[in-house]
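These are the residues of each chain, in order.
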Amino acid sequence: MRVLILGATGQLGHDLQLAFSDLEVVTAARMGAQIQLDLAQPDALRRSILDSIRPELVVNAAAFHNVPDCEARPAEAYAINATGVATLGEACAEIDARLIHVSTDYVFGERNARSGREGDLTPWREDELPAPLNVYASSKLAGEQLLAAACPDHVIVRSSGLYGLAPCLAKGGKNFVQLMLHLARERDEVKVVTDEILTPTHTYALAHQIRRLAESSEANGVYHATSQGQCSWNEFAAAIFEETRTDIRLLPATNVDFPSPVRRPSFSALDNSRLRQQGLDEMPDWRVSLRTYLDELGATR
Ligand SMILES: NC(=O)c1ccc[n+]([C@@H]2O[C@H](COP(=O)([O-])OP(=O)(O)OC[C@H]3O[C@@H](n4cnc5c(N)ncnc54)[C@H](OP(=O)(O)O)[C@@H]3O)[C@@H](O)[C@H]2O)c1
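Criteria and thresholds
Throughout, residues of each chain are indexed from 1 in the direction in which the sequence is written. Only residues with pLDDT of 70 or above have their local features reported here, since the model is predicted, and side-chain atom pairs are shown and tallied only from 80 upward, although totals for entire chains, interfaces and linings are computed over all residues. Note on conventions: DSSP H or I runs of at least 4 residues are helices, E runs of at least 2 residues are strands, and numbering of each starts at the N terminus. Just to be clear, the radius of gyration here is over C-alpha atoms, and the globule rule we use is 2.2 Å times residues to the power 0.38. With C-beta atoms placed from the backbone, a residue counts as buried when 20 or more other C-beta atoms lie within 10 Å of its own, as exposed when 12 or fewer do, and as partly exposed for counts between those limits. Contact criterion: two residues are in contact if their C-beta atoms, reconstructed from the backbone, are within 7 Å. One nonpolar core equals one set of buried Ala, Val, Leu, Ile, Met, Phe, Trp, Tyr and Cys residues connected by C-beta atoms within 7 Å. Here, nearness is defined through the C-beta atom: a residue counts as near a molecule or strand if that backbone-placed atom lies within 6 Å of it. We call Asp, Glu, Lys and Arg charged. Ala, Val, Leu, Ile, Met, Phe, Trp, Tyr, Cys and Pro are nonpolar, and the rest, Gly among them, are polar. Here a helix's expected span is defined as the number of its residues, less one, multiplied by 1.5 Å. Two axes enter the bend calculation: one fitted to the seven residues ending at the residue in question, the other to the seven starting there, and the bend is the angle between them. Interaxial angle, 0 to 180 degrees, is taken between N-to-C directions of lines fitted to C-alpha atoms, where a helix line uses only the stretch in contact. Crossings are sorted by hand: turned counterclockwise from the far helix by less than a right angle, the near helix makes the crossing left-handed, and turned clockwise it makes it right-handed.

### Regarding the overall build of the chain
Here is step 1: Along the chain, the regular secondary structure elements total eleven helices and 13 strands.
Here is step 2: Taking 19 Å as the expected radius of gyration for a compact globule of 301 residues, we find that the chain reaches 19 Å, a close match to that expectation.
Here is step 3: Along the three orthogonal principal directions, the C-alpha set of the chain runs to about 55 × 45 × 40 Å.
Here is step 4: Here the chain, with 301 residues, has 45% of them falling under the buried criterion.
Here is step 5: If you take every contact in the chain between residues at least 6 apart in sequence, the share linking residues at least 24 apart comes to 79%.

Structure follows, in structure tokens:
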């Protein structure tokens with residue numbers, strides 16, 4: 001089976017290449033992969049998929065996902081994350097290829113405001129209504145909807161707080177774990193927010209979960225795929241320092257301490273409910289994944 005991995009040079013793309021390595025993999029990104037493809041160039045994208053690559057499966061991990069940059073450049077965010085994904089969906093439908101597309105927890109809005117129940121912080125299920133709070137999130141949601149309309153054989157995988165061995169290209173190369181370890185080498189104390197809750201997710205586990213979905217002929221539609229459990233960024237930082245026995249003062253902060261023009265959901269933990277219902281959920285606990293990753297990095301020695 002020929003599998004096209006788009007966004008292959010990113011942190012998730014790197015682990016997707018490992019997870020699909022027993023198949024015929026074609027890698028693509030704007031540069032540094034086997035094939036140069038740009039989601040913002042629809043004609044060239046269509047031609048390449050229809051006339052030369054002709055994959056049976058496409059896994060799309062490519063996105064414009066630097067959140068402040070998306071806010072500043074909405075046309076570009078929509079061209080890549082929405083229209084580009086729609087073109088990909090149309091091309092896949094034309095050659096009966098299956099499309100697995102990666103999306104985000106940020107499609108959801110504020111938990112309390114939406115449920116109306118104070119303290120109701122149960123993780124978001126796939127059947128709940130998204131309400132994006134920023135341009136990145138709304139462009140990703142538009143991409144989900146356009147591709148669902150264009151390509152019947154599709155799987156949309158929403159995940160959260162990714163970290164992996166390969167650099168996160170959109171965030172200057174450092175994921176949150178690497179950033180915390182870097183700051184700990186330079187400072188005596190670090191302030192991290194307590195009022196944003198998510199589920200940190202290791203790209204290695206996510207890539208293998210995506211492979212499992214690819215093997216299930218029944219999988220179709222939207223799936224949440226994060227590690228199990230949830231924590232604030234501050235609790236995530238505390239776990240990183242604890243696992244690596246790093247001596248640093250970790251202080252609590254709130255979003256008010258880090259003013260930003262971009263709104264982000266304060267609670268975006270996801271429930272892998274459809275994976276569980278279909279007996280496909282292979283995602284480990286977030287803390288177990290963190291330990292595995294820190295071991296791989298050599299940071300626990
Ligand atoms: N990182 C997170 O915390 C997080 C959380 C939830 C969901 N996600 C989603 O997970 C997916 C993978 O994220 P990641 O962290 O692995 O990203 P990443 O490390 O920034 O990699 C992104 C990949 O997309 C490619 N790309 C960017 N713009 C492109 C374009 N216009 N056309 C073709 N390729 C393009 C990049 O290579 P070039 O720039 O060289 O083209 C790179 O290969 C994305 O869909 C993202 O929205 C990420």
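### A word on the nonpolar core
Here is step 1: With 80 residues, the main nonpolar core has I5, L6, L16, L88, V157 and I210 as its most contacted residues.
Here is step 2: Those residues within four positions of V157 in sequence are excluded, and the remaining contacts are I100, V102, S103, I210, L213, Y223 and A225.

### Considering the site of the ligand
Here is step 1: As a structural note, the neighbourhood of the ligand is formed by 31 residues, with G7, G10, R30, A63 and A170 the closest of them.
Here is step 2: Mapped onto the shell around the ligand, the elements with two or more residues apiece are helix 1 (11-19) and strand 5 (98-104).
Here is step 3: With three residues, the single largest contributor to the shell around the ligand is helix 1.
Here is step 4: Of the residues assigned to the shell around the ligand, the class counts are 17 nonpolar, eleven polar and three charged.

### Description of the environment of A184
Here is step 1: On the secondary structure map, A184 appears in helix 7 (residues 176-186).
Here is step 2: Using a count of 19 C-beta atoms within 10 Å as the deciding quantity, one classes A184 as partly exposed.
Here is step 3: Note: C-alpha distance between A184 and T246 (62 residues apart in sequence) is 7.4 Å.
Here is step 4: Dropping the residues within four chain positions of it, A184 is found in contact with V190, F241, T246 and I248.

### As for helix 4 (residues 74-94)
Side chains that are three or four residues apart share a direction in an α-helix, a result of its 3.6 residues per turn.
Here is step 1: Across its 21 residues, helix 4 extends 29 Å between first and last C-alpha, which sits within 8% of the 30 Å expected from 1.5 Å per residue.
Here is step 2: Residue G84 marks the point of greatest curvature in helix 4, where the axis turns by about 30°.
Here is step 3: Those residues of helix 4 lying buried are A77, I80, N81, A82, G84, V85, A86, T87, L88, G89, A91 and C92.
Here is step 4: Where helix 4 is buried, its residues touch helix 2 (42-53), strand 4 (57-60), helix 3 (67-72), strand 5, helix 6 (135-150) and strand 6 (154-159).
Here is step 5: Phi turns positive one or two residues past the end of helix 4, at D96, with a value near 55°.

### So, the packing of helix 7 against helix 9 (residues 233-243)
Here is step 1: Two elements in contact, helix 7 and helix 9, have axes whose closest approach is 10 Å; the angle formed by their N-to-C orientations is 65°. You can see that helix 7 and helix 9 cross each other, and the crossing is right-handed. Of helix 9, the residues touching helix 7 (which contributes F176, V177, M180, L181 and A184) are F236, A237, I240 and F241.

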